[in-house]
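Remarks on the overall topology
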Amino acid sequence: MSKKLHLVSLGCDKNLSDSEKMLRMAADRGYELTDEPSEADVILVNTCAFILDAQDESVQTILEMAEAKKQAAQLIVAGCLAERYKDEIKKEIPEVTRVITNGELQDRLFGEHITDRIVTTGGHFAYLKIAEGCDKMCTYCIIPHLRGHYRSVPMEDLVKEAEALSEGGVKELILVAQETTVYGTDLYGRNCLAKLLKELCKIEGLEWIRVMYLYPNNFTDELIECFATLPKVCKYIDIPIQHTESNILKLM
């Protein structure tokens, strides 16, 4: 009889991308997925800790899963709360059997170049995480401390992942990262988001490509040309406008 896994993914779309890859890894190892935590042999909570409300939600979810789980079931906590409060989780919630930090998780996902996943967004659209971490070190943001420095996913891996998603029926691909506009600078020595978009546009089956988390100071002429001329790239620009106002950033 196969073991059953129940997964709860909290927080951002980047977290969801990680969760979908973890689901695939579990399925490949013989786990059957279940929506009922009381039936699961392993419960995995992929947490968020970006703001206080997210931390509270993560803690509450862990406690709920601890109460719902079978006595012999494993309760695993991963994600940003695990990165930030690993020792506290182990001490305060004894029902947790394992804590996986972001560093450990990303070493696994990046190290094995995991490109296959179980899509949980309905099948017609999916998120493609093109990079991990951030180098900005903004005083109001904890992400670099939780996710580490900026690491781009190799372009060939992203194309392979996008092809697999398209073959699975995905029509809209949503590119995400802490900052998409600096994609490739760490791997290739220059901004390569425009090149990535051109490669993704070649994939048959994909109809829309939407790009999130664009920062205006790295929006190049080449990238503007891509938005203007590539028919699959949505004429949609997601920009954090608070970055234009120093007073707002200081208040944050």
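Structure first, text after, so check above.
The notes below deal with the structure included here. (Residues numbered from 1 in each chain as written. Predicted model: local features only at pLDDT ≥ 70, side-chain atom pairs only at ≥ 80, totals over all residues. Heavy atoms only, no water.)

**Side note on the overall build of the chain**
Secondary structure assignment for the chain yields 11 helices and 10 strands. What you see for the chain is a C-alpha radius of gyration of 19 Å, in line with the 18 Å of a compact globule of 252 residues. The principal-axis extent of the C-alpha atoms belonging to the chain is close to 60 × 45 × 25 Å. Residues counted as buried form 51% of the 252 residues belonging to the chain. In the chain, of all internal contacts separated by at least 6 residues, the share reaching a separation of at least 24 is 70%. Total accessible area computed for the chain in this model is approximately 12800 Å², and 51% of it derives from carbon and sulfur atoms. Separation of charge centres in the chain, based on 29 positive and 41 negative side chains, amounts to 3 Å. (Helix = DSSP H or I, 4+ residues; strand = E, 2+ residues; numbered from the N terminus. Rg over C-alpha atoms; globule rule 2.2 N^0.38 Å. Buried < 20%, exposed > 50% of the residue type's maximum accessible area, 1.4 Å probe, protein only. Contact = heavy atoms within 4.5 Å. Areas by Shrake-Rupley, 256 points an atom, 1.4 Å probe, with all protein chains shown as cover. Lys, Arg positive; Asp, Glu negative; His and termini not counted. Charge placed at Lys NZ, Arg CZ, Asp CG, Glu CD.)

**Let's talk about the packing of aromatic side chains**
Overall, the coordinates contain two aromatic pairs when judged by the stated rule. Summarising the aromatic geometry, the rings of Phe219 and Phe227 are spaced 5.6 Å apart at their centres and angled 45° between planes, so their arrangement reads as tilted. The class of Phe219 is buried, set by a relative accessible area of 17%. A relative accessible area of 5% means that Phe227 is categorised as buried. (Phe/Tyr/Trp six-rings, centres within 6.5 Å; stacked < 30°, edge-to-face > 60°.)

**Looking at the sheet that holds strand β2 (residues 32-33)**
The parallel open sheet is built from five strands, whose spatial order is β2-β1-β3-β4-β5. Edge positions in the sheet fall to β2 and β5 (98-100), since each of these pairs with one other strand and no more. In terms of strand pairing, strand β3 (residues 42-47) meets strand β4 (residues 74-79) through six bridges, oriented parallel. In the strand pairing of β4, Val45 is matched with Val77. Against the sheet, helix α1 (residues 13-28) makes contact with β1 (4-9), β2 and β3, and its axis sits at roughly 175° relative to β1, the strand it touches most. Of the strands in this sheet, β1, β3 and β4 are in contact with helix α2 (residues 52-68), which crosses β3 at around 175°. (Pairing = 2+ DSSP bridges. Axes fitted to C-alpha atoms, helices over the stretch in contact; angles between N-to-C directions.)

**A few points about the pairing of β1**
Relative to β2, β1 is paired through two bridges, and the arrangement is parallel. Bridging across to β2, Leu5 finds its partner in Leu33. Note on the crossover from β1 through α1 to β2: the handedness is right-handed. One ladder, built from five bridges, connects β1 with β3; its direction is parallel. Bridge pairing in β3 places Ser9 opposite Asn46. (Right-handed = clockwise from strand over helix to strand, strands pointing away.)

**What about unusual backbone geometry?**
Positive phi, close to 55°, is recorded for Met137, a residue that is not glycine. Relative accessible area serves as the criterion here: at 48%, Met137 is assigned to the partly exposed category. For Tyr213, which is not a glycine, the phi torsion comes out positive at approximately 55°. Looking at the secondary structure, you find Tyr213 in the loop between β10 (208-211) and α10 (221-229). Looking at Tyr213, the relative accessible area reads 24%, which means it is partly exposed.

**Focus: the nonpolar core**
In this structure, Ile130, Leu175, Tyr183, Leu193, Leu196, Leu197 and Leu200 are the most contacted members of the largest nonpolar core, which totals 35 residues. Breaking this core down by element, the ones donating at least two residues are β6 (125-129), α7 (155-167), β9 (172-176), α9 (193-200), β10 and α10. When residues no more than four places from it in sequence are discounted, the contact partners of Leu196 are Ile130, Met155, Leu158, Leu175 and Tyr183. Judged by nonpolar contacts, the second largest core, of 20 residues, contains Val8, Ala66, Cys80 and Ile93. (Core = buried A, V, L, I, M, F, W, Y, C linked by side-chain atoms within 4.5 Å.)

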